[in-house]
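In case you want the letters, here they are:
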Amino acid sequence: MLSRKASKDSHGQDSSYFQGWQEYEKNPYHPIQNPMGIIQMGLAENQLSFDLLESWLRRNSNTMALKKDGVSAFKDLALFQDYHGLPAFKEALVNFMTSMRGNKIKYSSDKLVLTAGATAANEILMFCLTDPGQAFILPTPYYPGFDRDLKWRTGAEIVPMHCSSSNGFRITRCALEQAYQLGQELNLKIKGVLVTNPSNPLGTTMTKTELNHLLDFAIDKNIHIVSDEIYSGTVFDCSSTTGFTSIMEVLNERNNNNYNNIRNHIHMVYSLSKDLGLPGFRVGLIYSNNEKVIAAATKMSSFALVSSQTQFMLSNLLSDAKFIKKYMVENQRRLKRRKDMLVRGLRKAGISCLRSNAGLFCWVDMRHLLSSDSFEAEKELWKRIVCEVGLNISPGRLNRKRRRRIARCRRLRLNKNLLSGVTMVIDEIRRCSGGSSFSDEQRQK
Ligand SMILES: Cc1ncc(COP(=O)(O)O)c(C=O)c1O
């Protein structure tokens with residue numbers, strides 16, 4: 001009954017990523033009403049600083065009443081349907097990005113396309129840059145939603161690029177070349193590389209060296225780079241070597257005419273879903289120096305517009321530079337505190353984590369908890385963590401980690417001691433979120 005396009009399985013609905021969400025929805029944790037429920041940790045959602053946003057809204061009630069200088073803007077907003085977006089909002093967004101990224105680049109509103117979240121921004125870029133059967137290289141591990149966002153409706157393909165835990169999953173020239181080669185073996189024309197910086201799911205920022213490898217590679221192969229920088233404002237450890245560097249900044253440093261072509265091949269994606277914790281508002285963007293891409297993406301954005309009242313409200317919020325600065329600093333401080341707490345708890349339970357400095361993630365090594373060296377064993381462990389421990393996390397396989405990476409695990413059954421190690425962490429999480437701690441007997445009910 002359905003078209004082949006609609007029933008294509010590249011949506012990934014049956015993956016553990018979405019299955020975990022379904023389990024959570026059947027039995028969601030609540031500190032008082034359902035303290036034994038499943039805690040959702042498989043979704044990159046930032047609820048840490050809602051109090052700050054809500055207090056801003058209380059102080060600026062005119063914004064919610066859709067009033068400008070005391071006069072109702074309702075009629076104008078109700079009728080507004082220009083897919084270029086409200087100029088005041090686009091200006092507020094580029095000023096926000098410029099200042100949040102330390103004024104290293106002056107972003108300009110005429111190079112920006114508004115979209116309903118980064119999901120739509122990534123899909124639109126794939127639509128504009130690939131024909132069916134052409135591919136983008138993605139470093140692994142990557143955000144599981146990309147299978148749906150990049151492939152499902154566009155017909156584009158993903159060629160995974162293997163990054164190794166031995167060098168902290170850094171991008172190397174050799175890994176890029178190998179992925180390119182793999183694309184050729186699969187008969188796929190490589191149109192570009194898509195990176196997430198900071199990384200989902202690693203929570204690490206890319207170094208300038210990595211970004212330069214990427215740029216050199218794209219120049220050599222004459223291909224595009226899409227840089228999804230949706231977590232750029234969540235960097236909580238900003239020393240000179242670990243701070244956030246945008247691909248646009250590295251490009252600007254190559255300030256000469258030889259680089260004009262690559263300038264047109266670099267596109268950035270951003271959204272307010274993570275840094276401001278507003279995924280429900282559906283605000284994202286594409287930023288590109290390429291006029292053709294901007295023109296095509298603007299037309300495509302008709303299918304994924306940001307509503308005018310959301311644009312109105314957020315242009316007021318983002319224009320309050322003093323509040324935004326305070327918010328960003330405080331949000332990063334809270335993220336760091338929460339992450340340190342989680343890492344400490346996991347360490348006590350004998351679980352190590354990748355050192356990270358950004359994002360809403362913790363990449364943990366549970367290989368020693370696997371019963372065998374297989375994806376099936378990983379799935380079995382994941383199911384037990386969701387159903388018995390009450391914690392929805394994402395298995396590494398979902399992020400396209402290659403089988404070989406799991407091969408080093410020891411043959412160790414998930415015994416009671418190990419399970420109780422994991423549950424110690426859960427207890428700590430429940431305690432910190434206001435819930436009560438509970439005993440093994442209670443947990444086994
Ligand atoms: C790397 C990355 N890109 C895009 C998205 C989608 O974001 P949005 O809610 O803005 O569509 C996510 C959400 O988790 C993400 O992690």
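For the structure, see preceding data.
Residues numbered from 1 in each chain as written. Predicted model: local features only at pLDDT ≥ 70, side-chain atom pairs only at ≥ 80, totals over all residues.

**Student:** Looking at this model, I keep getting lost on the overall build of the chain. Mind explaining?
**Tutor:** Along its length, the chain carries 19 helices and 13 strands. Expressed as a percentage of the 445 residues in the chain, the buried residues total 40%. (Helix = DSSP H or I, 4+ residues; strand = E, 2+ residues; numbered from the N terminus. Buried ≥ 20, exposed ≤ 12 C-beta atoms within 10 Å, placed from the backbone.)

**Student:** Explain unusual backbone geometry here, please?
**Tutor:** For residues besides glycine, phi is generally negative; the peptide bonds are generally trans as well. The omega torsion of the bond from Thr140 to Pro141 falls at -5 degrees, within 30 degrees of zero and hence cis. Tracing the backbone through its elements, the reader meets Pro141 in the loop between strand 5 (134–139) and helix 8 (146–152). The linkage connecting Asn200 with the following residue, Pro201, adopts the cis geometry, with an omega of 25 degrees. Along the chain, Pro201 turns up in the loop between strand 7 (189–196) and helix 10 (208–221). Not every positive phi belongs to a glycine, and Leu66 is a case in point at roughly 55 degrees. Classification of Leu66 as partly exposed rests on a count of 17 C-beta atoms within 10 Å.

**Student:** I tried to follow the packing of helix 9 (residues 173–185) against helix 10 on my own but got confused; where do I start?
**Tutor:** Angle between the axes and distance between the axes are the two parameters that describe a pair of packed helices. It is at 10 Å that the axes of helix 9 and helix 10 come closest, and there the two elements cross at 35 degrees. Regarding helix 9 and helix 10, the two cross each other, and that crossing is right-handed. In contact with Arg173, Leu176 and Tyr180 of helix 9, helix 10 contributes His213, Phe217 and Lys221. Residues that form the contact of helix 9 with helix 10 fall into these classes: three nonpolar, one polar and two charged. (Axes fitted to C-alpha atoms, helices over the stretch in contact; angles between N-to-C directions. Left-handed = near helix turned anticlockwise from the far one by under 90°. Contact = placed C-beta atoms within 7 Å. Nonpolar A, V, L, I, M, F, W, Y, C, P; charged D, E, K, R; others polar.)

**Student:** I keep staring at the pairing of strand 8 (residues 224–228) and nothing clicks. Help me out?
**Tutor:** Along a regular strand, successive side chains alternate from one face of the sheet to the other. When you tally the buried positions in strand 8, you get five out of five residues, the bulk of the element. Side chains His224, Val226 and Asp228 project from strand 8 onto one buried face, and the interleaved Ile225 and Ser227 project onto a second face that is buried too. Note: strand 7 against strand 8, five bridges, orientation parallel. Bridging from a neighbouring strand, Val193 pairs with Ile225 of strand 8. In this fold, the crossover linking strand 7 to strand 8 by way of helix 10 has right-handed handedness. Here four bridges tie strand 8 to strand 9 (residues 266–271), and the two strands are oriented parallel to one another. Along strand 9, the bridge assignment pairs Ile225 with Ile266. (Pairing = 2+ DSSP bridges. Right-handed = clockwise from strand over helix to strand, strands pointing away.)

**Student:** Explain the sheet that holds strand 8 here, please?
**Tutor:** By definition, the strands of a sheet pair up through backbone hydrogen bonds, in either a parallel or an antiparallel sense. Spatial ordering of the open sheet is given by 4-10-9-8-7-5-6, a layout of seven strands whose pairing is mixed. Taken across any chain shown, the strands that pair with only one partner, and hence form the sheet edges, are strand 4 (112–115) and strand 6 (157–161). Averaged over all neighbouring strand pairs, the angle between strand axes comes to 25 degrees, with direction disregarded. Here strand 4 pairs with strand 10 (residues 284–288) via four bridges, running antiparallel. When the sheet's bridge partners are listed, Thr115 is paired in strand 10 with Gly284. With respect to the sheet, helix 6 (residues 87–100) is in contact with strand 4, strand 9 and strand 10, its orientation differing from that of strand 4 by roughly 105 degrees.

**Student:** I keep staring at the site of the ligand and nothing clicks. Help me out?
**Tutor:** Near the ligand you find 14 residues, and of these Gly117, Ala118, Thr119, Ser271 and Ser273 are the closest. In terms of residue count, the dominant contributor to the shell around the ligand is helix 7 (residues 117–129) (three residues). For the shell around the ligand, the residue count by class is five nonpolar, eight polar and one charged. (Near = placed C-beta within 6 Å.)

**Student:** For this particular structure, what's the right way to read the packing of helix 6 against helix 14 (residues 308–319)?
**Tutor:** Relative to each other, helix 6 and helix 14 sit at 35 degrees, their axes nearing to 9 Å. Read as a crossing pair, helix 6 and helix 14 show a hand that is left-handed. Only Gln311, Leu314, Ser315, Leu318 and Ser319 of helix 14 make contact with helix 6, whose side of the interface consists of Ala88, Phe89, Ala92, Leu93 and Phe96. Broken down by class, the residue content of the contact of helix 6 with helix 14 amounts to seven nonpolar, three polar and no charged.

**Student:** Looking at this structure, how should I read helix 10?
**Tutor:** Since the α-helix advances by 3.6 residues per turn, residues separated by three or four positions end up pointing in the same direction. When the terminal C-alpha atoms of helix 10 are compared, their 20 Å separation across 14 residues agrees well with the 20 Å that a helix rising 1.5 Å per residue should span. In this fold, the buried residues of helix 10 make contact with helix 9, strand 7, strand 8, helix 11 (247–253) and helix 12 (260–263). Downstream of helix 10 by one or two residues, Asn222 has phi in the positive range, about 55 degrees. (Expected span 1.5 Å × (residues − 1).)

**Student:** It is not clear to me how the environment of Asn264 should be interpreted in this structure. Could you clarify?
**Tutor:** Inspection of the secondary structure assignment puts Asn264 in the loop between helix 12 and strand 9. Each C-alpha atom of the pair Asn264 and Ile225 lies 9.7 Å from the other, and the pair is 39 residues apart in sequence. Not counting residues within four places of it along the chain, the set of residues in contact with Asn264 comprises Asn289 and Asn290.

**Student:** Sorry, what's going on with the nonpolar core here?
**Tutor:** Note that soluble globular proteins tend to have their nonpolar side chains buried in a common cluster. Leu93, Leu125, Phe136, Leu214, Val269, Leu285 and Ile286 are the most contacted members of the largest nonpolar core, which totals 83 residues. Take this core: its biggest share by element is eight residues, from helix 7. Here this core spans two domains, and each of domain 1 (4–50 + 328–444) and domain 2 (65–323) adds at least three residues to it. When near neighbours in sequence (up to four residues on either side) are disregarded, Val269 contacts Ala118, Ala121, Asn122, Leu125, Val226, Asp228, Glu229, Ile230, Gly284 and Ile286. (Core = buried A, V, L, I, M, F, W, Y, C linked by C-beta atoms within 7 Å. Domains from an automatic or database assignment.)

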